[in-house]
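Observations on chain architecture
Listed below are the residues making up each chain.
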Amino acid sequence: SVKPVSPSPSSFVRSPLSRDAPHAADPQTLLPIANHHLFRYDEVNFGAFDSIVAVYAVQSIEAMAQLATWLDRPAPEAAAYSALAARARTAYNTVFWDDASGWYGEWRDVDGKLRSTGYLWPQFVAMSELANVSSVTQRTRTLDAIDSNFARIRKQFGVTEQGQWCTPDNLLPLAESDCHWSSDCSRWPEYEMGLCFLWLTGWEAYARARYGDPDRAYELYAKLLGGRQSGYSRFKTTRFWQQGNGWGPHESREQGQGSDVLMDQIVALWGFLRGAFGIEPTLAGLKVVHRPAAQLEGASWTFTHLGRQRTATVVNGTVRLD
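Below is a short write-up of the structure. Not measured: the values here are computed from a predicted model.

Right, let's talk about the packing of aromatic side chains for a bit. By the definition in use, this model includes 15 aromatic pairs. Among the aromatic residues, ring-to-ring pairing joins Y92, F96, W97 and Y104 into one connected group.

Next comes the structure, spelled out in structure tokens:
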């Protein structure tokens with residue numbers, strides 16, 4: 001027989017949350033700390049608190065709470081993880097929320113200053129059902145801030161809404177003083193400063209749908225593929241299957257960087273399906289959390305959840321599960 005084993009909440013906090021040294025969890029905030037910006041070390045070579053790593057730490061603690069319940073662990077264990085997750089959410093907002101910008105900062109530097117390039121990954125993960133870090137007001141402000149910055153970017157580069165076919169990874173240039181070694185900080189968009197990694201479009205589609213606009217989630221994915229009228233031409237090109245995609249005048253159909261299909265194309269599909277159908281899978285079952293995209297009328301999606309094959313069908317604007 002298989003005996004489920006899980007670490008204690010206290011050992012979880014003490015465990016290293018990154019591969020970079022020195023690393024630990026701050027005992028006051030519970031958030032991971034390190035000697036530099038963990039995720040963007042190829043660009044930013046310093047930092048103390050990293051919002052991308054930290055939001056996944058919050059998500060992981062909540063997942064442990066749910067797993068403890070699902071595995072019939074002693075009730076105090078699930079309660080301890082739930083309490084830890086609540087503290088971590090509070091800490092995340094205290095450390096990273098930038099009220100002036102209406103979004104989460106990207107990192108706090110070694111002097112404690114909150115820094116941000118409008119990086120979108122932590123914004124969308126913070127909105128997820130599992131992390132559940134941001135409040136309704138914060139989500140609204142963040143999505144509004146993203147929209148206003150998208151409009152600014154399109155105007156600056158003379159790009160139509162269709163021309164911005166993918167989700168830029170951030171909204172603002174990196175300061176020259178922050179630049180490490182791989183990027184030319186005088187240029188934007190460039191690499192992880194304004195170009196696209198397609199999994200972010202999946203995260204945007206999920207967030208847009210989860211908070212009021214599943215039709216837009218559908219359109220985001222259709223645009224990613226190149227659009228129905230063009231026979232989804234972008235999907236058929238080499239460039240779709242690459243990383244660091246350009247948009248508008250920066251788009252190229254030539255072969256570029258290699259892609260991580262699981263990270264890019266599969267996550268883009270994940271965000272579209274979860275968002276456009278409005279289904280949230282949990283250990284307690286499937287939840288239909290909002291209406292499906294209108295464009296999906298008559299469509300069906302068959303998938304496996306907890307070892308059982310399920311089919312979702314859109315009928316008269318509602319999702320039916322069997």
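Before going further, it helps to examine helix α8 (residues 265-277). Between its first and last C-alpha, α8 extends 18 Å over 13 residues, near the 18 Å set by a 1.5 Å rise per residue. A large share of α8 lies buried, amounting to 10 of its 13 residues. All of the buried residues along α8 are Q265, V267, A268, G271, F272, L273, R274, G275, A276 and F277. Contacts made by the buried residues of α8 are with α6 (199-210), α7 (214-225), β8 (279-282), β10 (300-305), β11 (308-315) and β12 (318-321).

Here β8 pairs with strand β9 (residues 285-288) via four bridges, running antiparallel. Note that in β9 the partner of P281 across the bridge is L286. The antiparallel hairpin formed by β8 and β9 contains two residues in its connecting segment.

A cluster of nonpolar residues, F235, W241, V261, L262 and I266, forms a patch on the protein surface that exposes about 470 Å² of accessible area. For I266, the location among the structural elements is in helix α8. Classification of I266 by relative accessible area gives partly exposed; the value is 40%.

Conventions adopted
Residues numbered from 1 in each chain as written. Predicted model: local features only at pLDDT ≥ 70, side-chain atom pairs only at ≥ 80, totals over all residues. Heavy atoms only, no water. Phe/Tyr/Trp six-rings, centres within 6.5 Å; stacked < 30°, edge-to-face > 60°. Helix = DSSP H or I, 4+ residues; strand = E, 2+ residues; numbered from the N terminus. Expected span 1.5 Å × (residues − 1). Buried < 20%, exposed > 50% of the residue type's maximum accessible area, 1.4 Å probe, protein only. Contact = heavy atoms within 4.5 Å. Pairing = 2+ DSSP bridges. Patch = residues over 30% accessible without salt bridge, like charges linked within 9 Å, V, L, I, M, F, W, Y side chains within 5 Å. Areas by Shrake-Rupley, 256 points an atom, 1.4 Å probe, with all protein chains shown as cover. Salt bridge = Lys/Arg side-chain N within 4 Å of Asp/Glu carboxyl O.

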